[in-house]
Amino acid sequence: FRVSGVGSSGANRAFAYVMLQPWEERERSTQEVISSLREPFKANPGGMAIASPVRPLGGRRSTSGGVEMVLVGADFDKLQEIAGQMSVQLRDSEVLESPRVRPEPNNPQLNIQIDRSRAADLQVPVVDVATTLESLFGGRRMTRFRRGADEYDVMLQVEDDQRMTPSDLGKVYVRSVNGHLVQLSNLVTYREEVVPESYPHFNRQRSITIQAQLLEGRTQGDGVAELERIAEGVLPENYNYTWDGETREFVDSSSDATVLFGLALVFTFLILAAQFESWIHPITIFSGVLLALTGGVAVLYASRYWGAAMTDNLFSRFALIMLIGMVAKNGILIVEFANQLRIEGRDAVQAAFEATTLRFRPILMTSISTIGGALPLALATGPGAENRNPMGLAIVG
């Protein structure tokens, strides 16, 4: 692989985009490469390093952050305490690793207080002290100059190596009203402290985000369930949680897929009830639908015995929704023909037997052609195959 871009997302955070070799030129998948980097990154004593794939559907942040839970409440200090308790429990988790809290609670800060009485005695205006601190240590744009077609800012600021420690304040002087130079350290007091790097809000409430990476073999659903379990044990009254980033998209899409699944069943039932003018025949047809759905889910579960385990995800649920219509159509062929035989005078058992016998061949032909069409999805290899395989396997099953 090669590094294709680097950048910074804060005073103490940086990122690098790594471009892997094309799929056909390497023997390891993206997840296998990420897994091989976990242990070397854990051994890094200078900070926390995390490898994660670029998010396939884009979004507010371009890289996957594992699982993200946002704690919301009225008191920021209490939220920090809750987040700390959850981080301790996550370190012993068998689902998640590398927990971290945003904003980080241990951001170093130098708190400088101007001694106004001392400044007045030495005839140094307070505004001059503040302006000197802002300009030399924070930086101030003084003007611009042109060179050819380019325009550049002229910044006033002390060199980086001259503003590294609090003692560097003693190297700066401020001119008093009567023209004397006064050492800045005589006019200010300072103390080093640790504070959060920011005070974010979520839905107009104070918030803290807990982020953790999934262990190998674990899914987003496992991570969501693990964080919910821990949160329910530590969250006091009037404090709640929600989701952010990729996790929020996963939770929303999962609920949408569940609603679609339920609507597919309801509409299919109502259409069958109207077609047969009966509430009983749709239930008969749905017995076959339940068998088909059971087969699809069973094959997904059994996939762990011959390779990487496949989960019930967004793609497999779309396949199950499609199965509702396909199997309902097969049931309609049988029930409709059985009703015709009942009108001709056959009893229920004889009518059902003849209908299933006569309709077995067209149903079998339809099923074989459907399986043949789904097999390329189930057996697909190459980039993106992990998305298509569950859909194909659910249909075949």
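Conventions we followed
Residues numbered from 1 in each chain as written. Predicted model: local features only at pLDDT ≥ 70, side-chain atom pairs only at ≥ 80, totals over all residues. Heavy atoms only, no water. Helix = DSSP H or I, 4+ residues; strand = E, 2+ residues; numbered from the N terminus. Contact = heavy atoms within 4.5 Å. Areas by Shrake-Rupley, 256 points an atom, 1.4 Å probe, with all protein chains shown as cover. Lys, Arg positive; Asp, Glu negative; His and termini not counted. Charge placed at Lys NZ, Arg CZ, Asp CG, Glu CD. Phe/Tyr/Trp six-rings, centres within 6.5 Å; stacked < 30°, edge-to-face > 60°. Buried < 20%, exposed > 50% of the residue type's maximum accessible area, 1.4 Å probe, protein only. Core = buried A, V, L, I, M, F, W, Y, C linked by side-chain atoms within 4.5 Å. Salt bridge = Lys/Arg side-chain N within 4 Å of Asp/Glu carboxyl O. Polar contact = N/O pair within 3.5 Å; in protein donor to acceptor, adjacent residues only side chain to side chain. Patch = residues over 30% accessible without salt bridge, like charges linked within 9 Å, V, L, I, M, F, W, Y side chains within 5 Å.

Participant: Got a minute to help me understand the overall build of the protein chain in this structure?
Facilitator: In terms of regular secondary structure, the protein chain is built from 10 helices and 13 strands. Taken along its principal axes, the extent of the C-alpha atoms in the protein chain is 120 × 55 × 45 Å. Taking contacts inside the protein chain between residues at least 6 apart in sequence as the whole, the part at least 24 apart equals 65%. Accessible surface, the protein chain as shown: approximately 24,400 Å² in total, 56% of it carbon and sulfur. Measuring between centres, the 37 positive side-chain charges of the protein chain sit 3 Å from its 45 negative side-chain charges.

Participant: Sorry, what's going on with the packing of aromatic side chains here?
Facilitator: Aromatic ring pairs are described here by two measures, namely the spacing of the ring centres and the angle between the planes. This model, assessed by the stated rule, comprises 6 aromatic pairs. Between phenylalanine 15 and tyrosine 17, the aromatic rings sit 5.5 Å apart at their centres with planes inclined by 75 degrees, giving edge-to-face as the arrangement. Relative accessible area serves as the criterion here: at 35%, phenylalanine 15 is assigned to the partly exposed category. Aromatic side chains tyrosine 241 and tryptophan 243 sit 5.7 Å apart centroid to centroid with 70 degrees between the ring planes, which places their arrangement in the edge-to-face category. Overall, the relative accessible area of 8% leaves tryptophan 243 in the buried class.

Participant: Help me understand the nonpolar core, please; the structure alone is not making it clear to me.
Facilitator: Generally speaking, a soluble globular protein has its nonpolar side chains buried in company with each other. Counting 24 residues, the largest nonpolar core has Met69, Leu71, Ile82, Met86, Leu96 and Leu227 as its most contacted members. Take this core: its biggest share by element is 6 residues, from helix H2 (residues 76-90). Counting residues in hydrophobic clusters, the runner-up holds 23 residues, among them Leu293, Met310, Ile324 and Ala394.

Participant: Where do I start with the pattern of salt bridges in this structure?
Facilitator: Pairing between side chains of opposite charge can happen when the charged atoms of each approach one another. Evaluation of the coordinates by the stated rule reveals 13 salt bridges. Through salt bridges that share partners, Arg141, Arg144, Arg146, Glu151 and Asp153 make up one connected network.

Participant: Whenever I open this one, the environment of glutamine 183 confuses me. Can you help?
Facilitator: Relative to the helices and strands, glutamine 183 is located in strand E9 (residues 181-183). Using a relative accessible area of 26% as the deciding quantity, one classes glutamine 183 as partly exposed. Discounting chain neighbours no more than four positions away, the residues touching glutamine 183 are Gly170, Val172 and Tyr173. A polar contact of 2.5 Å, which involves the side chain of glutamine 183, links it to the backbone oxygen of glycine 170.

Participant: What is the right way to read a nonpolar patch on the surface from this model?
Facilitator: Together, Val259, Leu263, Val266, Phe267, Leu270, Ile271 and Trp279 make up an exposed nonpolar region whose accessible area comes to about 720 Å². Topologically, tryptophan 279 is positioned in the loop between helix H6 (245-276) and helix H7 (280-302).

Note that every value here comes from positions in space, so none of it alone points to a role or purpose.
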